[in-house]
Amino acid sequence: MGFLEWATDPWGLTVPIHIAWFLIWIAVIAGLLFFMVHAAYVRYFAKPRQFATGAPPSPESAIPARVPRHSLAARLFHWIMAAAMLTLLFTAFLPKLGVQFPWVTYHWIAGAVLTASVVFHIFHASFWLDFWSIWPDRIDMTDAYHRVLRFMGRPAPLPRKFAKYPLENKLYHGAIMAAGLAAVATGAFMMFRVRTIFFPRNPYLFSDMTWGMIYVLHGLAGVGLIALIMVHIYFGIRPEKQPITKSMIFGWMSRDFYVEEHDPQRWVINSVTSSSDSTATEA
Ligand code: HEM
């Protein structure tokens, strides 16, 4: 049982054509196992989270009742990307599991939407948002080391509260970025294999071997995304993460949640007014 499917091209060369589709089930099972192990760990073994007490915020930096977390543009990007991603997953994999429909057209349209939204996101995050907020920093690494030591029962200082994004979210972003960019880059070339509105079809753009490798990478990124999206949705609906999910809908999180989980020195909220419920700006 191989992980790839092979064929013989007109010149007698054996070339890969795509991944073996049983990998879909491996990804689904990996996602389900993650749910079970994580949910059982949180329910029966995890101790309440503890953080080092940082310096108290100065009175001038009074935190608003609604802490802004995601701008309207960022939220629109997230939900457009989510719709495109789910459409891509279902249109790609349902036919492989026996549900037949003319999937290729829906698939490349959703692929074009995902590509456009990812390009937008790269510009938006680079020039308008705090680009570095999603990359692990030195404090994340030190705290991760301390958390591992404490997990193993060894003495270590308590970790600090999080910046805007906890380390786990930053690592997840890195994984989804790698898989997503691989799917987008290979998918853009695969558009030459089918009829689209963008450019004339040209299946002779690459050799059979190169096409095969593009299809394999597209498939691997795709099955990786099955497990990654399952895990993302699982965390989105977990009760303790719901304030974060709601912030992706409404744009803000409560002051209580912010104070409980975030370090005001690592994620600075610039309050614009001193009133409790009103505007503040995202740092
Ligand atoms: C969640 C992301 C994606 C997943 C899970 C996914 C998955 C797949 C799978 C499994 C196939 C079948 C490939 C094969 O038969 O070997 C496929 C085909 C295809 N994908 Fe994607 N894909 C994704 C994103 C994209 C994107 C972003 C684009 C375009 C930019 C795209 C364009 C295409 C095209 C044009 C085909 C048809 C190729 C053909 O029939 O020859 N895909 N995709």
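Residues numbered from 1 in each chain as written. Predicted model: local features only at pLDDT ≥ 70, side-chain atom pairs only at ≥ 80, totals over all residues. Heavy atoms only, no water.

Q: If you had to explain the pairing of strand β1 (residues 4–8) to someone new, which residues and values would you point to?
A: Along any regular strand the residues' side chains alternate between the sheet's two faces. Note: β1 against strand β2 (residues 14–19), 5 bridges, orientation antiparallel. Note that in β2 the partner of A7 across the bridge is V15. Adjacent in sequence and paired antiparallel, β1 and β2 are bridged by 5 residues, among which G12 carries a positive phi angle near 85°. (Pairing = 2+ DSSP bridges. Helix = DSSP H or I, 4+ residues; strand = E, 2+ residues; numbered from the N terminus.)

Q: Give me the pattern of salt bridges: which residues, what numbers.
A: Counted by the stated rule, this structure contains 7 salt bridges. The residue K170 makes a salt bridge to D140 at a minimum N-O spacing of 2.6 Å. With K170 in helix α5 (residues 167–190) and D140 in helix α4 (residues 138–151), the pair connects residues that are 30 residues apart, well separated along the chain. Accessibility classification places K170 together with D140 in one group, the buried group. (Salt bridge = Lys/Arg side-chain N within 4 Å of Asp/Glu carboxyl O. Buried < 20%, exposed > 50% of the residue type's maximum accessible area, 1.4 Å probe, protein only.)

Q: Go over the coordination of the iron atom of the ligand, please, and point to the residues and values.
A: Looking at the iron atom of the ligand, one finds its protein donor set to be H107 (NE2) and H218 (NE2), positioned 2.0 Å from the metal centre. Metal-centred angles of 83 to 179° between the 6 donor atoms at the iron atom of the ligand mark the site as octahedral. Taken as a pair, H107 in helix α3 (residues 103–127) and H218 in helix α6 (residues 208–237) lie far apart in primary sequence, 111 residues in all. Using a relative accessible area of 18% as the deciding quantity, one classes H218 as buried. (Donors = N, O, S within 2.8 Å, 3.2 Å for Na, K, Ca; no water. Tetrahedral: all angles 85-135°; square planar, octahedral: opposite > 155°, others 65-115°.)

Q: So what's going on with the site of the ligand? Which residues, and what values?
A: Every one of the 25 residues lining the ligand counts as a neighbour, but H18, M85, H107, Y215 and H218 are closest to it. Note that a nitrogen atom of the ligand is positioned 2.7 Å from one of the side-chain N or O atoms of H218. Sorting the residues of the shell around the ligand by element identifies α2 (72–93), α3, α5 and α6 as the ones contributing at least two each. In the shell around the ligand, the residues fall into 16 nonpolar, 7 polar and 2 charged. (Near = heavy atom within 4 Å. Polar contact = N/O pair within 3.5 Å; in protein donor to acceptor, adjacent residues only side chain to side chain. Nonpolar A, V, L, I, M, F, W, Y, C, P; charged D, E, K, R; others polar.)

Q: Now, about the environment of V67: what can you tell me, with residues and values included?
A: Turning to its location among the elements, V67 is positioned in strand β3 (residues 66–68). V67 gets classed as buried once you look at its relative accessible area, which sits at 0%. As for V67 and A27, which are separated by 40 residues in sequence, their C-alpha atoms are 36 Å apart. Setting aside anything within four residues of it in sequence, one finds V67 in contact with G251, W252, M253, S254, R255, Y258, W267 and I269. (Contact = heavy atoms within 4.5 Å.)

Q: Give a detailed account of the packing of α2 against α3, specifying residues and quantitative values.
A: In a pair of packed helices, the angle between the axes and the distance between the axes together describe the arrangement. Interaxial distance between α2 and α3 falls to 8 Å at its minimum, and their mutual angle equals 150°. Relative to α3, α2 is oriented roughly antiparallel. Handedness of the crossing formed by α2 with α3: left-handed. Along its contact with α2, which presents A73, A74, F77, I80, M81, A84, M85, T87, L88, T91 and A92, the element α3 presents W103, Y106, H107, A110, G111, V113, L114, S117, V118, F120, H121 and H124. (Axes fitted to C-alpha atoms, helices over the stretch in contact; angles between N-to-C directions. Parallel < 35°, antiparallel > 145°, perpendicular 65-115°, else oblique. Left-handed = near helix turned anticlockwise from the far one by under 90°.)

Q: So what's going on with the packing of aromatic side chains? Residues and values would help.
A: Tallied over the full model, the rule gives 18 aromatic pairs. When the centroid spacing of 6.0 Å and the interplanar angle of 40° are considered together, the rings of F3 and F22 count as tilted. With F3 in the segment before β1 and F22 in helix α1 (residues 22–45), the pair connects residues that are 19 residues apart, well separated along the chain. On the accessibility criterion, F3 (55% relative accessible area) is exposed. (Phe/Tyr/Trp six-rings, centres within 6.5 Å; stacked < 30°, edge-to-face > 60°.)

Q: Describe the side chain of H218, naming the residues involved and giving the relevant values.
A: Side-chain polar atoms of H218 contact the backbone oxygen of A183, separated by 3.3 Å. When residues no more than four places from it in sequence are discounted, the contact partners of H218 are H107, A183, T186, G187 and M190.

Q: Any chance you could break down α5 for me, citing the residues and the numbers?
A: Helix length check: α5 (24 residues) gives 34 Å between terminal C-alpha atoms against 34 Å at 1.5 Å per residue, within 8%. Buried within α5 we find L167, K170, I176, A179, G180, A183, V184, T186, G187 and M190. (Expected span 1.5 Å × (residues − 1).)

Q: I'd like a rundown of the nonpolar core, residues and numbers included.
A: One finds I24, L89, F93, L114, V223, L225 and I226 to be the most contacted residues of the largest nonpolar core, which totals 27 residues. Of all the elements in the fold, those that place two or more residues in this core are α1, α2, α3, α5 and α6. Sort the elements by how many residues they give to this core and α6 lands first, with 9 residues. Residue contacts for I226: discarding those within four places in its chain leaves I24, A27, V28, L89 and F93. Membership of the second largest hydrophobic core comes to 7 residues, among which are I63, V67, Y258 and I269. (Core = buried A, V, L, I, M, F, W, Y, C linked by side-chain atoms within 4.5 Å.)

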